[in-house]
Amino acid sequence: MLRSRDYELAAIDRLLDGARASQGAGLVLLGEPGIGKSALLAEARERAVDMCALTATCVEAESALAYSCLQQLLGSVIGRADKLPAPQDRALRVALGLAVGAAPDRFLVSLATLTLLSAVADDGPVLCLLDDAHWADAPSLEVVAFVGRRIRPEPIALLVSARDGQGPGRELAGLAALHVNGLSAEGAESILDEQWGGSLSPAVRDALIAAAGGNPLALNELPRALSAGQRAGHE
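Read on for a plain summary of the structure.

Rules used throughout
Just so you know, the residues in each chain are numbered from 1, in the order the chain's sequence is written. Only residues with pLDDT of at least 70 get local features here, since the model is predicted, and only at 80 or more are side-chain atom pairs given and counted; chain-wide, interface and lining totals rely on the full set of residues. Side-chain numbers here rest on the full set of heavy atoms in the structure, without hydrogens or water. Only runs of H or I of at least four residues qualify as helices and only runs of E of at least two qualify as strands under DSSP, and these elements are numbered from the N terminus. Buried residues are those whose accessible area, probed at 1.4 Å on protein chains only, stays under 20% of the maximum for their type, while exposed residues exceed 50% and partly exposed ones sit between those limits. Axis definition: a line fitted to C-alpha atoms, over the contacting stretch in the case of helices. Angles run 0 to 180 degrees between N-to-C directions. Here is the rule for angles: anything less than 35 degrees is roughly parallel, anything more than 145 is roughly antiparallel, 65 through 115 is roughly perpendicular, and the remaining ranges are oblique. For any pair of crossing helices, the crossing counts as left-handed if the nearer helix is rotated counterclockwise from the farther one by less than a right angle, and right-handed if it is rotated clockwise. Contact between two residues is taken to exist if any of their heavy atoms lie within 4.5 Å; hydrogens are not considered. Throughout, the ten residues Ala, Val, Leu, Ile, Met, Phe, Trp, Tyr, Cys and Pro are labelled nonpolar, Asp, Glu, Lys and Arg are labelled charged, and all others, Gly among them, are labelled polar. In this description, the arc belongs to the directions extending from the helix axis to the C-beta atoms. To define a nonpolar core, start from buried Ala, Val, Leu, Ile, Met, Phe, Trp, Tyr and Cys residues and group those joined through side-chain atoms within 4.5 Å. At least two DSSP bridges between two strands are needed for those strands to be called paired. Centres within 6.5 Å make a pair out of two Phe, Tyr or Trp rings, where for Trp the six-membered ring is used; the pair is then stacked when the planes are under 30 degrees apart, edge-to-face when over 60, and tilted otherwise. Either the NZ atom of lysine or the CZ atom of arginine qualifies as a charge over a ring when it sits within 6 Å of the ring centre and within 35 degrees of the ring normal. By definition here, a salt bridge exists when the distance from a side-chain nitrogen of Lys or Arg to a carboxyl oxygen of Asp or Glu is within 4 Å.

This part covers unusual backbone geometry. The phi dihedral of Ser22 falls on the positive side, at around 60°, and the residue is not glycine. Relative to the helices and strands, Ser22 is located in the loop between α1 (6-20) and β1 (25-31). We classify Ser22 as partly exposed; its relative accessible area is 37%. Residue Tyr67 is not a glycine yet carries a positive backbone phi of 70°. Relative to the helices and strands, Tyr67 resides in the loop between β2 (52-57) and α3 (68-74).

See the structure below:
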């Protein structure tokens, strides 16, 4: 269960409802590591059970591999690329390593991705999820941003997460951004109570809440670094 995320979840619900009504849009979730961006993307997928969900998680080790994130995102629907106009079909297949050829024009790859997603959306609304976009390879990010700026008349929602201050700001210009802040004190307390119950003394619990600064990952990890005696306030 997500704690103290009513504002963020309301924004995600608006994004999904817009796509269902053929008012597509993109939204970028920005925040520090561990603040809960990936959890929000997972919750968005749970709320989009009536939609075709396409997902990609970017990793630093693949950030130099052109179109690696795009390959993840489109992997389950690339079989429909043969319905694209020939130049778009070839550009996309070469970009994803499915055909041999010179490096494709990025505009054609971007246009092909938009056309492909639009074709998939003919069968029902589509949700595209791109997690950890700060690790995305540059070509994939350009394509995703291109799509995000052009899906207004489509039943397509694009939800992206990236680290605040380390994100791909210029590439994602034009997409709405939402800063994910730390949990409230009540939300942080609820997490600690759920995980540790009475094993935390009130003083230790208050100290952990202050140290974590509302970061859910820190709230889960900091108590594990303490001994049982420390958690009980005896050491």
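Still to come is the rest of the account.
The next point concerns the packing of helix α7 (residues 185-196) against helix α8 (residues 202-212). Two elements in contact, α7 and α8, have axes separated by 10 Å at closest approach and are oriented at 125°. Taken together, α7 and α8 sit at an angle that is classed as oblique. Considering how the two elements wind past one another, α7 and α8 form a crossing that is right-handed. Side by side, α7 and α8 meet where Ala185, Ala188, Glu189, Leu192 and Asp193 of the first sit next to Arg205, Leu208 and Ile209 of the second. Counted by class, the contact of α7 with α8 contains five nonpolar, no polar and three charged residues.

Within helix α2 (residues 37-47) the residues assigned to the buried category are Lys37, Leu40, Leu41 and Ala44. Along the axis of α2, the buried residues cluster in a sector spanning 100°; they form a single face.

Here we take up the nonpolar core. Within soluble globular proteins, side chains that are nonpolar tend to cluster in buried spots. By size, the foremost hydrophobic cluster in this structure holds 44 residues, and its most contacted members are Leu70, Leu92, Val109, Leu116, Cys128, Leu130 and Val160. Residue assignment for this core shows that the elements contributing at least two residues are β1, β2, α3, α4 (86-95), α5 (106-121), β3 (126-131), α6 (138-148) and β4 (156-163). The residues contacting Val160, other than those within four sequence positions of it, are Leu27, Val28, Leu29, Leu130, Ala133, Val144 and Leu172. Ranked by size, the runner-up nonpolar core spans 21 residues in total, among them Leu27, Leu40, Leu127 and Leu159.

Mapping Arg5 onto the fold places it in the segment before α1. Assessed through its relative accessible area of 4%, Arg5 is described here as buried.

The interhelical angle for the contact between α4 and α5, taken along N-to-C directions, is 105°, at an axis separation of 8 Å. Here α5 runs roughly perpendicular to α4, going by the angle between their axes. Residues Pro87, Gln88, Ala91, Leu92 and Ala95 of α4 pack against Leu108, Val109, Leu111, Ala112, Thr113, Thr115 and Leu116 of α5. A per-class count over the contact of α4 with α5 returns nine nonpolar, three polar and no charged.

Here we come to the sheet that holds β3. Ordered in space as β2-β3-β4-β1-β5, the five strands form an open sheet in which the pairing is parallel. In this open sheet, the two edge strands, each paired with only one partner strand, are β2 and β5 (176-179). Averaged over all pairs of adjacent strands, the angle between strand axes in this sheet comes to 15°, irrespective of strand direction. α2 contacts β1, β2, β3 and β4 of the sheet and is inclined by roughly 165° relative to β3. α6 contacts β1, β3 and β4 of the sheet and is inclined by roughly 135° relative to β4.

Looking now at the packing of aromatic side chains. Inspection of every chain in the model, using the stated rule, returns one aromatic pair. With a centroid separation of 5.9 Å and an interplanar angle of 85°, the aromatic rings of Phe107 and Phe146 are classed as edge-to-face. Here Phe107 is found in helix α5, whereas its partner Phe146 is found in helix α6, with 39 residues between them in sequence. Given the relative accessible area of 9%, Phe146 is considered buried. Sitting over the face of the ring of Phe146, Arg150 holds its NZ or CZ atom 3.8 Å from the ring centroid.

In the structure shown here, the tally under the stated rule is ten salt bridges. Salt-bridge contacts for Asp50 lead to Arg20; the nearest nitrogen and oxygen are separated by 2.8 Å. In this pair, Asp50 is assigned in the loop between α2 and β2 and Arg20 in helix α1, connecting sequence segments 30 residues apart. For Arg20, a relative accessible area of 34% translates into the label partly exposed. One salt bridge in this structure joins Arg205 and Asp193, with 3.3 Å as the shortest N-O distance. Of this pair, Arg205 sits in helix α8 while Asp193 sits in helix α7, and the two are twelve residues apart along the sequence. In this structure Asp193 comes out as partly exposed when scored by relative accessible area, which is 33%.

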